[in-house]
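One-letter residues, chain by chain:
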Amino acid sequence: MKKPKILIWDIETSMQEATIRGFLNTKYPFKLKASEIKHPQKIHCIGYKWLGEKKSHVISVHDFPSSFKKDHLDDSRVVKEFVKILKQADASIGHNLKSYDMGHLNARLMLEGLPAILFPHPIDTYILSRSNFQLPSQKLDEIARFAGLPVRKNPMKREDWEKCYEGDLKSFKKMAKYCKQDIELTEAVYNWIYPYVKNHPKISRIMGATLKESHTTCPVCNSKESIKNGRIGSTTGLRQRRICTNCGKQWVAELIK
């Protein structure tokens, strides 16, 4: 059994500066025109961690002193270094990964004129939580509090983002620490919710298992150690239920003849 390489990642972006003229209507979401933006949103840092490993990492713009001194908002080296890591992953995990992190990273690749990449299969904890659980909030911190998980202790304030935008090194270091805590919290939330979700992507198929093999291979951890766990009726007939003895995930497998 090949162990899947699953990367947990999260990005922290800069503020963007714009010049606006006209009347503001606060009843509707505010949208900027390209002509109004003086400095577009860039990436300050990217945190990542391989699922199951102890150490988490952060790549920040301040890790590259020469380019940071020249332009503290230059994120090209952060993006290039992270893409090398992302290409090694079979799948990736993040909170609001599809609509925020992947979108921002893809935009930076395009705007920097860097090669396009094929993103590893996304596992979005926001989507999994929203579609499976009726919780008071789907924010990462709130899910963690609801589960009784430890929440990050160093929240970023608006002035911290403003100081980063102005090039304050101390604020960049604080943001890197904040990002690392986000990664660890995302992993904790994922480990708490995945046994209960019904729409988890089938890691076994991503790893190349055939349809027949996928019936007895855990769809989450790719372990072949599973046992029968009763039967369940479906519109197509009676199906076998199985449970993974490695991670505890349950799933509905093949039709019973």
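All values derive from a computational prediction rather than experimental measurement.

A.B. asks: It is not clear to me how the overall build of the protein chain should be interpreted in this structure. Could you clarify?
C.D. replies: Summing up its helical and strand segments, the protein chain has nine helices and 10 strands in all. Taken over the C-alpha atoms alone, the protein chain extends approximately 70 × 45 × 35 Å along its principal axes. Split into buried and exposed, the 257 residues of the protein chain put 42% on the buried side. Considering only intrachain contacts with a sequence separation of at least 6, the fraction spanning at least 24 residues in the protein chain is 63%. About 15300 Å² of surface is accessible on the protein chain, with carbon and sulfur atoms providing 52% of the total.

A.B. asks: Can you walk me through helix α4 (residues 125-132) in this structure?
C.D. replies: Listed as buried for α4 are Thr-125, Leu-128 and Ser-129. The arc that holds every buried residue of α4, seen down its axis, measures 95°, which confines them to one face. On its buried side, α4 packs onto β6 (91-94), β7 (121-124), α5 (140-147) and α7 (169-193). One side-chain oxygen at the N-terminal end of α4 lies 2.9 Å from the backbone nitrogen of Tyr-126; it belongs to Asp-124.

A.B. asks: Explain the pattern of salt bridges to me, please; I cannot follow it from the model alone.
C.D. replies: Pairing is possible between side chains of opposite charge, provided their charged atoms come close. If you walk through the whole model with that rule in mind, you get seven salt bridges. For Asp-75, the salt bridge is made with Arg-108, and the minimal N-O distance between the two is 2.8 Å. Of this pair, Asp-75 sits in the loop between α1 (65-70) and α2 (76-86) while Arg-108 sits in helix α3 (residues 97-111); the two residues are 33 residues apart in sequence, bridging distant segments of the chain. As far as the burial class goes, Asp-75 and Arg-108 line up, both buried. Residue Glu-142 pairs with Arg-145 through a salt bridge whose shortest N-O separation is 2.8 Å. Of this pair, Glu-142 and Arg-145 both sit in helix α5, three residues apart, which is roughly one turn of the helix. Residue classification places Arg-145 among the partly exposed positions, given a relative accessible area of 48%.

A.B. asks: Would you mind showing me how to read the nonpolar core here?
C.D. replies: Counting 33 residues, the largest nonpolar core has Leu-7, Trp-9, Ile-46, Phe-82 and Leu-105 as the members making the most contacts within it. Every element with two or more residues in this core is listed here: β1 (6-13), β4 (43-50), β5 (57-60), α2, α3, α6 (158-166) and α7. Per element, the largest residue contribution to this core is six residues, and it comes from α2. Setting aside its immediate chain neighbours within four residues, Leu-105 contacts Trp-9, Ile-11, Ile-43, Ile-46, Val-79, Phe-82, Leu-86 and Phe-119. Core analysis: the second largest hydrophobic core is formed by 26 residues, Ile-93, Phe-133, Ala-144 and Tyr-190 among them.

Conventions and cut-offs
Residues numbered from 1 in each chain as written. Predicted model: local features only at pLDDT ≥ 70, side-chain atom pairs only at ≥ 80, totals over all residues. Heavy atoms only, no water. Helix = DSSP H or I, 4+ residues; strand = E, 2+ residues; numbered from the N terminus. Buried < 20%, exposed > 50% of the residue type's maximum accessible area, 1.4 Å probe, protein only. Contact = heavy atoms within 4.5 Å. Areas by Shrake-Rupley, 256 points an atom, 1.4 Å probe, with all protein chains shown as cover. Arc of directions from axis to C-beta. Polar contact = N/O pair within 3.5 Å; in protein donor to acceptor, adjacent residues only side chain to side chain. Salt bridge = Lys/Arg side-chain N within 4 Å of Asp/Glu carboxyl O. Core = buried A, V, L, I, M, F, W, Y, C linked by side-chain atoms within 4.5 Å.

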